[in-house]
Structures are given as structure tokens and as C-alpha cells.
Amino acid sequence: MTWPGGEGAPVTSDFVRSYVITGGRRLPSDDDLALHTLVCLAPDRAQPLGAGPEVRAIWELCSGGYLSVAEVAGHLGLPVGVARLLLTDLFEQGHLLRRAEPAPAQHVPRAILEKVLHGLETLNIG
């Protein structure tokens, strides 16, 4: 096994915790779940049997509605890669839904934006 920092390098408690939580599995690639991907619980799903404390915490967090991957990691105090691995597991098991990313904004011609601005100015609200 290769430890971070090379042979004989000190192993931090954060590394050990992440290793235990993930079962030593590789962290998912960046393509799996982006930081801004929104996730929530799938309707009518029961919490996985034997879920660890981190999965139970994700379950509690996501029961209130959509949260981003970054928000889940922040609330749990986990490295983003570890949170993404746990979320990917739950998604693949059908326990989580992820919201499709919005389409990129289309370019709006400046003339149209100026007309909108002029229309708002003529309303004279305020």
C-alpha cells in the first residue's frame, strides 16, 4: 500500500477517516458528480440497511430537498471526494436523484437587453 506523501510519511487522522469511510475504494472521477450537481432523496425509499453514520447524515440532509454535492460535503465535514463517493453509491442504488444541469445560457443581443432596460425605466417604480 502506498501512503500519501511516500514511504514513511506521517498518516493524518483525516486520511485514515476517509479511508475507513470509503472502504479504501478509489474516489470517483470528476465526471461522476460535479460540485454543483443537486441531489435529493428518491421518493418512497427506505434508508439502506446497515448504513453508516455518514450515509445516515446524508439521508437526513437530503430529506429536506435538493442540496449540491459541495453543500453535502460541507455539512458533513468530509472531503468532497469522499462525499461524492458516498453520494454516487446512493445514486447507483436508486436512493438519490440528481437534477439535470441547466442548459447553458444563450447569448441575448445587446439591443434586446437595452429595450428591456428602457421598458423598466419607463415603469418608474420606486
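Note: the structure precedes this text.
The paragraphs below set out a description of the structure included in this document. (Residues numbered from 1 in each chain as written. Predicted model: local features only at pLDDT ≥ 70, side-chain atom pairs only at ≥ 80, totals over all residues. Heavy atoms only, no water.)

Attention now goes to the overall build of the protein. On a plain count of helices and strands, the protein comes out with 5 helices and 3 strands. The secondary structure elements of the protein, listed N-terminal to C-terminal, are α-β-α-β-α-α-β-α. Long-range contacts, defined as pairs at least 24 residues apart, comprise 73% of the intrachain contacts of the protein with a sequence gap of at least 6. Accessible surface for the protein amounts to roughly 8,900 Å². Of this, 57% is attributable to carbon and sulfur atoms. (Helix = DSSP H or I, 4+ residues; strand = E, 2+ residues; numbered from the N terminus. Contact = heavy atoms within 4.5 Å. Areas by Shrake-Rupley, 256 points an atom, 1.4 Å probe, with all protein chains shown as cover.)

The terminal C-alpha atoms of helix 4 (residues 80-92), which comprises 13 residues, lie 18 Å apart, in line with the 18 Å expected from a rise of 1.5 Å per residue. In terms of burial, helix 4 is a largely internal element, 10 of the 13 residues being buried. Restricting attention to buried positions, one finds in helix 4 the residues Gly81, Val82, Ala83, Arg84, Leu85, Leu86, Leu87, Thr88, Asp89 and Leu90. Of the residues trailing helix 4, Gly94 is marked for its positive phi of about 85°. (Expected span 1.5 Å × (residues − 1). Buried < 20%, exposed > 50% of the residue type's maximum accessible area, 1.4 Å probe, protein only.)

Moving on to the packing of helix 2 (residues 53-62) against helix 4. Closest axis-to-axis distance for the helix 2/helix 4 pair is 11 Å, and the angle between their directions is 70°. Between helix 2 and helix 4, the angle falls in the class roughly perpendicular. Only Leu86, Leu87 and Leu90 of helix 4 make contact with helix 2, whose side of the interface consists of Glu54, Val55 and Ile58. Partitioning the contact of helix 2 with helix 4 into residue classes produces 5 nonpolar, no polar and 1 charged. (Axes fitted to C-alpha atoms, helices over the stretch in contact; angles between N-to-C directions. Parallel < 35°, antiparallel > 145°, perpendicular 65-115°, else oblique. Nonpolar A, V, L, I, M, F, W, Y, C, P; charged D, E, K, R; others polar.)

To continue, consider the nonpolar core. Among the nonpolar cores identified, the biggest contains 18 residues, and Val39, Ile58, Cys62, Val72, Leu86, Leu87 and Leu96 are the most heavily contacted of them. Counting residues per element, the ones that place at least two in this core are strand 1 (38-41), helix 2, helix 3 (69-76) and helix 4. Residues contacting Val39, with those up to four places away along its chain left out, are Cys62, Gly65, Tyr66, Leu67, Val72, Leu87, Leu96, Leu97 and Arg98. (Core = buried A, V, L, I, M, F, W, Y, C linked by side-chain atoms within 4.5 Å.)

Attention now goes to helix 5 (residues 110-123). Given a rise of 1.5 Å per residue, 14 residues ought to cover 20 Å, and the 20 Å separating the end C-alpha atoms of helix 5 matches this to within 8%. Burial of helix 5 is sparse: only 0 of the 14 residues sit out of reach of the surface. Among the residues trailing helix 5, Asn124 stands out with phi positive, at a value near 55°.

Scanning the entire structure with this criterion turns up 0 aromatic pairs. It is Arg98 that lies over the ring of Phe91; its NZ or CZ is 4.2 Å from the centre. Arg99 extends its terminal NZ or CZ atom over the ring of Tyr66, reaching a point 5.5 Å from the ring centre. (Phe/Tyr/Trp six-rings, centres within 6.5 Å; stacked < 30°, edge-to-face > 60°. Lys NZ or Arg CZ within 6 Å of the ring centre and 35° of its normal.)

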